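Notes for the structure review
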Amino acid sequence: MIQIALPNKGASRDGVMRELKALHSADNDWRTGRMFSLIYNAGADVESVAREAYAEYMVENALSPFSFPSLLKMETELLSMIATLFHGETAVGSMTSGGSESILMAVKTAREWARAKRPGISSPELVMPVTAHPAFNKAAHFLGIRAVAVRVDGGFRASVPDMIGAVTENTIMMVGSAFTYPHGMIDPIGELSGFALENNIWFHTDACLGGFMIPFLEMEGYPVRPFDFRLPGVKSISADIHKYGYTPKGASTVTYRDMDLREFQFFAYADWPGGVYGTACVSGARPGGAISSAWAVMRYLGQEGFRGLASKAMRAAKRLRAGIEAIPGLHVLGNPDGTVFAFGSDGLNVYDLRDALKRRNWHVESQHLPPCLHLTVCPVHEEVVDAFLEDLAEACGEAASVSENDRTEDAVLYGVMGTIPDRSQALDLAVKYLNDLYRIKP
Ligand SMILES: Cc1ncc(COP(=O)(O)O)c(C=O)c1O
């Protein structure tokens, strides 16, 4: 096996930075709006505020609110702003490293709550639509809970009868998303959370993706489906600042209807020789910069700034959707609620289409079950709508002429993953692929 050792001697500062920039220059360029995933781009001014605020606290450790009270102040202020945004008059939250950690904490909290309030459940279950993020499957796996993934309706939203049908006496949690990542839908959270409330089941809204978009679309007069604490059955909401909150990665939140619920989240240990130890979430040490940059961007933008950005992204999403529908053979999946959507094709292999777009320096994500391509639309995309649609039409022509033999390894692999009948084999392949990816190659 190949390994590399830490160099004996250090390199010059300039040399290291030159090498770093050379490595960086080979990555996808997201600033130009040619990427439709991973980065939530609100433009150069927001980026510069986030960058400067992050650098100010880059080294500080948010583990200790006593050493860095300014971080505690910023964190509680921004959590309160978020609780207000979600109409939670008594709501309180915690900051986490990302959506997955927020979801892990919500599931853990729901489990502890059920242990206290509904004793006697020895095999807890969580009922979720199949479109909910795999962070729920991961959380369930980590926490010894059975995740029951339920099919969605023909419009790609959670099917209320199927969700209710999957509930058993062991169900401790039900989940809905706003938006769903794969198709950009808001699930029927009103109906689902109403059922959960009647049956003493914890309901969680996963607004990791839509939490900083939907409230501002509503303020701008767009019709939106209810998802927040105005629904009495919603006990917790996850919302990522590092998505449509436009701040660097490492900033998410989980918010609870009240402090009594949040109490089930904390961990403390009093018998450690190092002192009494307690944390809100998974992390011990936490980057101060994730808090300071989130706080600074929220203060910099204010409601007005977020509303303007939401409008820009929504205008771009609507034009993109209309343009895609106008290209023969392409269609948008369902009727998405906001700025995230997927499109598929009746005649083309969408993975060939993705490759043809990539050759034109456009980067979109592949999805399967059913095969489609995914766009997360951001404010900066308003500038590139026409150029993208022009290239997409051209890419369709190119994708139509790809033969089996010309297909890229990527396109073949993706096509195969969705069609393997034995899903445990697909799982095994994915794990082996990951295990191989993270090692030094010759
Ligand atoms: C709806 C939804 N939930 C959860 C997550 C997980 O967030 P993270 O990647 O920050 O862990 C995502 C990520 O895209 C998401 O879209």
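Check the entry above for the structure.
Rules of the game
- Residues numbered from 1 in each chain as written.
- Predicted model: local features only at pLDDT ≥ 70, side-chain atom pairs only at ≥ 80, totals over all residues.
- Heavy atoms only, no water.
- Patch = residues over 30% accessible without salt bridge, like charges linked within 9 Å, V, L, I, M, F, W, Y side chains within 5 Å.
- Areas by Shrake-Rupley, 256 points an atom, 1.4 Å probe, with all protein chains shown as cover.
- Salt bridge = Lys/Arg side-chain N within 4 Å of Asp/Glu carboxyl O.
- Helix = DSSP H or I, 4+ residues; strand = E, 2+ residues; numbered from the N terminus.
- Buried < 20%, exposed > 50% of the residue type's maximum accessible area, 1.4 Å probe, protein only.
- Contact = heavy atoms within 4.5 Å.
- Near = heavy atom within 4 Å.
- Polar contact = N/O pair within 3.5 Å; in protein donor to acceptor, adjacent residues only side chain to side chain.
- Nonpolar A, V, L, I, M, F, W, Y, C, P; charged D, E, K, R; others polar.

This paragraph deals with a nonpolar patch on the surface. On the surface, Leu 413, Tyr 433, Leu 434, Leu 437 and Tyr 438 cluster together to form a nonpolar patch covering roughly 570 Å² of accessible area. Looking at which element gives the most residues to the nonpolar patch, the answer is helix α14 (residues 423-437), with three residues. Residue placement: Leu 413 occurs in helix α13 (residues 409-417). When its relative accessible area of 39% is taken as the criterion, Leu 413 is described as partly exposed.

In a structure, side chains of opposite charge can pair up when their charged atoms sit close to one another. Evaluated as defined, the whole model comprises 29 salt bridges. Across the salt bridge formed by Arg 359 and Glu 398, the nearest N and O atoms sit 2.8 Å from each other. Of the two residues, Arg 359 sits in helix α11 (residues 350-359) while Glu 398 sits in helix α12 (residues 385-400), which places them 39 residues apart along the sequence. For Glu 398, a relative accessible area of 25% corresponds to the partly exposed category. A salt bridge links Arg 407 to Glu 404, with the nearest nitrogen and oxygen atoms 3.6 Å apart. Since its relative accessible area comes to 63%, Glu 404 is described here as exposed. Sharing partners across several salt bridges, the network here consists of Lys 312, Arg 315, Glu 382 and Glu 383.

Within the secondary structure, Ala 11 sits in the segment before α1 (13-25). Using a relative accessible area of 62% as the deciding quantity, one classes Ala 11 as exposed. When the C-alpha positions of Ala 11 and His 141 are compared, they lie 43 Å apart, and in sequence the two are 130 residues distant.

So, on to the side chain of Gln 367. Of note, Gln 367 is situated in strand β12 (residues 365-367). Leaving out residues up to four positions away in the same chain, Gln 367 has contacts with Tyr 181, Pro 182, His 183, Ala 342, Tyr 351, Cys 372, His 374 and Tyr 414.

What follows concerns the site of the ligand. Around the ligand lies a shell of 13 residues, among which Gly 99, Ser 100, Asp 206, His 242 and Lys 243 are the nearest. Side-chain polar atom of Asp 240 to an oxygen atom of the ligand: 3.4 Å apart, as the coordinates give it. Take Lys 243: an N or O atom from its side chain is 3.0 Å from an oxygen atom of the ligand. Look at the ligand: alone it shows 390 Å² of surface, and the protein chains cover 83% of it. Of the residues contributing to the shell around the ligand, the split by class is five nonpolar, five polar and three charged.

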